[in-house]
Amino acid sequence: MMAGSAAAQNFTLTSGAMAEGLQLSADQVFKGFGCNGGNRSPDLAWTNAPKGAKSFAITAYDPDAPTGSGWWHWSMVNIPANTTQIKAAASGTPDVPKGALELKNDYGVAGFGGACPPPGHVHRYIFTVHALDVDALDLPREASNALAGFMIGAHSLGEARLTAVYNR
């Protein structure tokens, strides 16, 4: 009985647009670089955040990109603590929570940049919601994803992940 109760308390991330281990839809594929997708950020919803969470951050990362350092597809920080979901296609629109900051992705544009791996191998796309112990990360508007990742790690209370895949 206690094990089931503890499992129900886990910080969990879900999406109507994608599922664990399954192929991303064309909506989450980049438009450019030889790809012709919708380049729409997925809907995300999270439950059972750790106690004491004062804000959230979202990251989307491809560790399989042939860059030596992976590929950052999305970083949003300073998401208010009362937020538990992000609507589909919210990136770059007024649907981004008030006060949240979208950093530049590795395409060089602030906001979401969809999957577009080189043809061949399957790539993993790790979407993570991070619960943080501060109201806002002290980051410049032009912060790199590496700096954001460092600050997220320094203030993390926990994280919830969903990993989808894509290949072409």
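For clarity, every value in this text was computed on a predicted model and none was experimentally measured.

Within helix α2 (residues 145-154), burial applies to N145, A148, M151 and I152. All buried residues of α2 lie within an arc of 125° about the axis, which places them on one face of the element. Exposed side of α2, more than 90 degrees from the buried face: A146, F150 and G153 are the residues found there. Check the buried side of α2 and you find it contacts β5 (55-62), β6 (71-80), β9 (123-132) and β10 (156-166).

Taken as a whole and assessed by the stated rule, the structure comprises eight aromatic pairs. For the pair F30 and Y107, a centre-to-centre distance of 3.7 Å together with 5° between the ring planes defines the contact as stacked. Of this pair, F30 sits in the loop between β1 (12-14) and β2 (31-32) while Y107 is found in the loop between β8 (101-102) and β9, placing the two residues 77 residues apart along the sequence. Judged on exposure class, the residue F30 and its partner Y107 are both buried. Arranged with centres 4.4 Å apart and planes meeting at 40°, the rings of Y61 and W72 form a pair that is tilted. Note that Y61 is positioned in strand β5 and W72 in strand β6, a separation of eleven residues in sequence. Residue class for W72 comes out partly exposed when judged on its relative accessible area of 21%. Here a set of aromatic residues connected by ring pairs shows up, and it is made of F30, F33, W71 and Y107.

Quick look at the sheet that holds β6 now. Strand order in this open sheet of five strands is β8-β6-β5-β9-β10, and the pairing throughout is antiparallel. The open sheet terminates on both sides in strands that have one partner only, identified here as β8 and β10.

What follows concerns the nonpolar core. With 33 residues, the main nonpolar core has L13, L24, W46, I58, W74, M76 and F127 as its most contacted residues. Among the secondary structure elements, those contributing two or more residues to this core are β4 (44-47), β5, β6, β9 and β10. Dropping the residues within four chain positions of it, W46 is found in contact with F11, T12, L13, F56, I58, T83, T84, Q85, I86 and V129. In terms of nonpolar packing, the next biggest core, distinct from the first, is built from twelve residues, A57, L101, L137 and A148 among them.

What follows deals with the side chain of N78. The residue N78 is located in strand β6 in this model. At 2.6 Å, the side chain of N78 forms a polar contact with the backbone nitrogen of L137.

Spatially, β1-β4-β7 is the arrangement adopted by the three strands of the open sheet, whose pairing is antiparallel. Edge positions in the open sheet fall to β1 and β7 (85-86), since each of these has one partner strand only. Alignment of β4 against β7, held across two bridges, turns out to be antiparallel. Of the residues in β7, the one forming a bridge with A45 is Q85.

Reading guide: rules and limits
Residues numbered from 1 in each chain as written. Predicted model: local features only at pLDDT ≥ 70, side-chain atom pairs only at ≥ 80, totals over all residues. Heavy atoms only, no water. Buried < 20%, exposed > 50% of the residue type's maximum accessible area, 1.4 Å probe, protein only. Helix = DSSP H or I, 4+ residues; strand = E, 2+ residues; numbered from the N terminus. Arc of directions from axis to C-beta. Contact = heavy atoms within 4.5 Å. Phe/Tyr/Trp six-rings, centres within 6.5 Å; stacked < 30°, edge-to-face > 60°. Pairing = 2+ DSSP bridges. Core = buried A, V, L, I, M, F, W, Y, C linked by side-chain atoms within 4.5 Å. Polar contact = N/O pair within 3.5 Å; in protein donor to acceptor, adjacent residues only side chain to side chain.

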